[in-house]
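Architecture at a glance
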Amino acid sequence: PGTATAAATTQVQTVNYGTITQTVSATGTIANANQASQSFAQSGRVTAVDVTAGQTVTAGQTLATIDPTALTASVAEAQAALATDQSKLQTDQSANASSAQLAADEAAVTSAQAQLTSAQSALADATLTATISGTVAQVNLATGQQVSGGSSTVGAPTSSSATGSSSASNGTSG
């Protein structure tokens with residue numbers, strides 16, 4: 001039997017640097033991977049609109065605010081009520097008041113603490129902040145505009161029918 005031997009061959013080629021361009025066509029729907037719809041939880045007069053359509057925002061960034069004057073007053077009233085109720089509880093404890101009176105005082109303190117927490121939450125809701133990072137798609141709020149809690153939104157472009165609304169989405173396709 002015969003044996004075949006393969007001879008190794010070497011070739012030298014010149015390499016050029018250049019740009020390669022390739023086009024890919026596809027049909028489909030492009031949608032934002034994330035979009036957010038938000039509302040002021042409180043009613044009030046808009047005192048500031050801090051974004052414009054097309055602006056890039058980060059999560060936590062202030063978008064708009066409503067007048068906090070009445071909400072700040074509610075927090076102060078709740079703090080005063082809590083201080084009064086705590087003082088009454090301490091006075092009654094020092095005076096060896098009845099267990100029924102102490103229980104009533106403790107209930108008043110608990111209620112006042114809940115009212116203070118609620119007032120502080122309402123005050124925090126006077127500032128509308130971005131829940132996602134992205135690009136503001138639409139702004140329909142104006143300084144001086146009166147808004148109702150839940151009606152002014154920052155969200156998907158499809159929510160443009162809401163009065164006093166802004167839209168934000170993060171441009172990522174999905």
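The paragraphs below set out a description of the structure included in this document. Note that this is a predicted model, so its numbers are computed, not measured.

Some thoughts on the side chain of D105
Tracing the sequence through the fold places D105 in helix 2 (residues 99-124). If we skip the residues at most four places from it in the chain, D105 touches K88, L89 and D92.

Description of helix 1 (residues 69-94)
In an α-helix, one full turn covers 3.6 residues, which means residues spaced three or four apart are oriented alike. Look at helix 1: 38 Å from first C-alpha to last across 26 residues, which is about the 38 Å you get at 1.5 Å a residue. For helix 1, the full list of buried residues reads L71, V75, A78, L82, L89 and D92. Buried residues in helix 1 make contact with helix 2. Among the residues trailing helix 1, N96 stands out with phi positive, at a value near 55°.

Looking at the nonpolar core
In this structure, F40, V46, A64, I66, L71, A122, A126, L128, L141 and V147 together form the largest nonpolar core, which totals 10 residues. Excluding residues within four positions of it along the chain, A64 makes contact with F40, A48, V49, D50, A126, T127, L128 and L141. Counting residues in hydrophobic clusters, the runner-up holds eight residues, among them A78, L89, L116 and A119.

Some words on helix 2
Its 26 residues give helix 2 an end-to-end C-alpha distance of 37 Å, which sits within 8% of 38 Å, the value for a rise of 1.5 Å per residue. If you check which residues of helix 2 are buried, you get D105, V109, A112, L116, A119 and A122. Packed against the buried residues of helix 2 are helix 1.

Let's talk about the sheet that holds strand 3 (residues 44-49)
Here four strands make up an open sheet; going across it, the order is 6-5-3-8 and the pairing antiparallel. The outermost strands of the open sheet, each flanked by one partner alone, are strand 6 (127-129) and strand 8 (146-147). Sheet analysis places strand 3 next to strand 8, joined by two bridges and oriented antiparallel. Each residue of the ladder has a partner; that of R45, found in strand 8, is Q146.

Rules used in this analysis
- Residues numbered from 1 in each chain as written.
- Predicted model: local features only at pLDDT ≥ 70, side-chain atom pairs only at ≥ 80, totals over all residues.
- Heavy atoms only, no water.
- Helix = DSSP H or I, 4+ residues; strand = E, 2+ residues; numbered from the N terminus.
- Contact = heavy atoms within 4.5 Å.
- Expected span 1.5 Å × (residues − 1).
- Buried < 20%, exposed > 50% of the residue type's maximum accessible area, 1.4 Å probe, protein only.
- Core = buried A, V, L, I, M, F, W, Y, C linked by side-chain atoms within 4.5 Å.
- Pairing = 2+ DSSP bridges.

Take it as geometry only, folks, not as evidence of what the structure does.
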